Amino acid sequence: MTEPGDTDVAGLAMPAGLHGMVDSVIGRYRDLSALELADRSLSYGRLDELAEEIRARIRRSAGDVPARIGLLGCRSAATYAAYLAILRSGATVVPISTSAPAERVLAITKLARLELIVADGPDALQLEADVAGEAAVLDINNAGATDQPTSSSVRAVDVVKAGEPIAYILFTSGSTGLPKGVVISHENVGSFIRYIINRYDLGPGCRMTQAFDLSFDVSVYDLFAAWGSGATVVVPSQDDLMHPARWVNDRQITHWASVPSVISAASGLGELAPGSMPSIELSLFIGEQLTLEEAQAWHCATPKGVVENVYGPTELTVAVSAYRIPADVSQWPVTANRTIPIGHVYDHMESVVLDDSGRPADKGELCVRGPQRFGGYLDPGQNVGRFLSIDDGQVTPFDGSRMLTTADWYRTGDLVYRDPVDAGLVHLGRLDDQVKIRGFRVEPSEIEGAMRLHPDVDDAVVLATPGSLGSRQLSAFYVGRKVSPSEARQMLARIVPPYMIPRRFVFLEEFPLTVSGKVDRQALARLVR
């Protein structure tokens, strides 16, 4: 077993990285449970062997291991082990959602310059057709078909490739219509995971959920906060998330993490009875605003557990702030927008709130820097305007004329204010039109552009509007000729992921306008309410 800090045969120091953290845990807890699915469980030792089996197949398939390897898989043991295998190979993982349409998969393949995509499940054959001529596809559907141990062998040690010490690249919605690549280094994510393990005292005996798609950055918390500490990853089905109490009690879950909209869905089905989940010790909600009503519903269902509202854009590596909700409901802060505060930025990170003129203020845009801040987008041109420097009080937006440094602040684009009773920061929304739906970051302009591809749609506006229990959902307003909602959904399904398909489609003869001639978005929102 290779430990962090060991050297390979050439005498080069091996960075710890995500895989190094996991390998260290495997060396200590080989017989403990690492992964539990509906029909299968893996010990840390078996996870190690399965990852090595897949890594060997990658090496045989690719020869010289590519710098970046795509990963498209289902909720299977092979998929999770493949994540570790790719990292051990010294490559960067580029997760691809199984729900992504062919056009988006091809765009990610080209933008990331993928030469190889590791795939598990029934989508492998279709994937080969979708990326033909761009990348090879390695089907690992039969990897680890047996739970019997394989014969042990000496592991060849790989190092993170010089010049690309990158753990993963995630693609988020981009305002240009193309996905935006967020590049996260081993240093970025290692800083986050180490902090989280210490913050929540994670380790053997903790049973942690894995509710997020691997193309969503919170999955990194799910997997590596567990595997970096000796905890167990327990994978729910979509039905389990809709009926959480039954599944939590059956699997004796101790640590829950999901987007807040899961609360709304479960509550609407009457699944959150008071005291119904006594095993839960810690619940984290992230990815969108947590409303007071949602927090109350979950708090009642998990009376023995701690609930935290967690905040962080992908560019800052999963999460950078958290607010722990008091056990006494009478001490809960009541904010103007009835959302739970996002709390205080982690101690090892730095933050500043700037008003429109660039001066520090109690209300304005949140800017953050520190070891979790990414080093820039895959396309350097997208860095322009997203960073700034502050020198003797003078704020200078990043214009691309120089190299980014660790002293630069990342502009989150989130509007916040400081709670006067020291509850930390309260999230007020986006400074631009970007929204989060079910934890996924969405640029409405990307959906609007997709809708305009329909021959009967002359123009479209997409807004995030109120859903149940204060959650948010997408509503599309359009002019032209009326299109049935089912036809609109089918058309969009070929272009954008499922979470970007609006819940409502509203046909209008014309858009309401403001006195300046712009589309009156507030008037459109009132139509839905």
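Residue numbering note: each chain is counted from 1, following its sequence as written. Note on the predicted model: pLDDT of at least 70 is required for a residue's local features to be given, and 80 or more for side-chain atom pairs to be given and counted; whole-chain, interface and lining totals, by contrast, use all residues. Side-chain measures were taken over the full set of non-hydrogen atoms in the model, leaving aside hydrogen atoms and water.

A. Molecular detail of the sheet that holds strand β25 (residues 472-480). Strand order in the open sheet formed by 3 strands is β24-β25-β26, with mixed pairing between adjacent strands. Unpaired on one side and paired on the other, β24 (457-466) and β26 (504-507) mark the two borders of the sheet. Ignoring strand direction, the axes of neighbouring strands in this sheet form an average angle of 25°. Only when DSSP finds a minimum of two bridges between them are two strands counted as paired. Secondary structure elements are defined from DSSP: runs of H or I of at least 4 residues count as helices, runs of E of at least 2 residues count as strands, and each element is numbered from the N terminus. By the bridge criterion, 9 bridges tie β24 to β25 in an arrangement that is antiparallel. The partner of V457 across the bridge, within β25, is G480. For this analysis, residues touch if any pair of their heavy atoms sits within 4.5 Å. Only C-alpha atoms enter the line fits that serve as axes; for helices the fit covers just the stretch in contact. Angles between N-to-C directions range over 0 to 180 degrees. Lying over the sheet, helix α14 (residues 521-528) contacts β24, β25 and β26, oriented at roughly 65° with respect to β24.

B. A look at the pairing of strand β20 (residues 409-418). The classification of residues rests on relative accessible area computed with a 1.4 Å probe and restricted to protein chains. Under 20% of the type maximum is buried, over 50% is exposed, and intermediate values are partly exposed. Among the 10 residues of β20, 7 are classified as buried, and the element is accordingly described as predominantly covered. Pairing geometry for strand β18 (residues 387-391) and β20, over 2 bridges, is antiparallel. Counterpart to L388 in the pairing with β20 is W409. In this structure, β20 lies alongside strand β21 (residues 425-430), joined through 5 bridges in antiparallel fashion. Across the sheet, Y417 pairs through a bridge with V426, a residue of β21.

C. Layout of the packing of aromatic side chains. A pair of Phe, Tyr and Trp rings is counted when the ring centres sit within 6.5 Å of each other, with Trp represented by its six-membered ring. The angle between the planes then sorts it: under 30 degrees is stacked, over 60 is edge-to-face, the rest tilted. Across all of its chains, the model carries 15 aromatic pairs by this definition. Seen from their ring centres, F285 and W298 are 5.3 Å apart, and the 80° between their planes marks the pair as edge-to-face. Taken together, the positions of F285 in strand β12 (residues 282-285) and W298 in helix α11 (residues 292-301) put the pair 13 residues apart, joining distant regions of the chain. On the basis of relative accessible area, F285 is assigned to the buried category, the value being 0%. With a relative accessible area of 0%, W298 lands in the buried category. Of the aromatic side chains, those joined through ring pairs into one cluster are F374, Y377, F387, F398 and Y410. As a reminder, the over-ring test applies to NZ of lysine and CZ of arginine, requiring each to be within 6 Å of the ring centre and within 35 degrees of the ring normal. It is K180 that lies over the ring of Y377; its NZ or CZ is 5.0 Å from the centre.

Any functional reading would require information beyond the geometric quantities listed.
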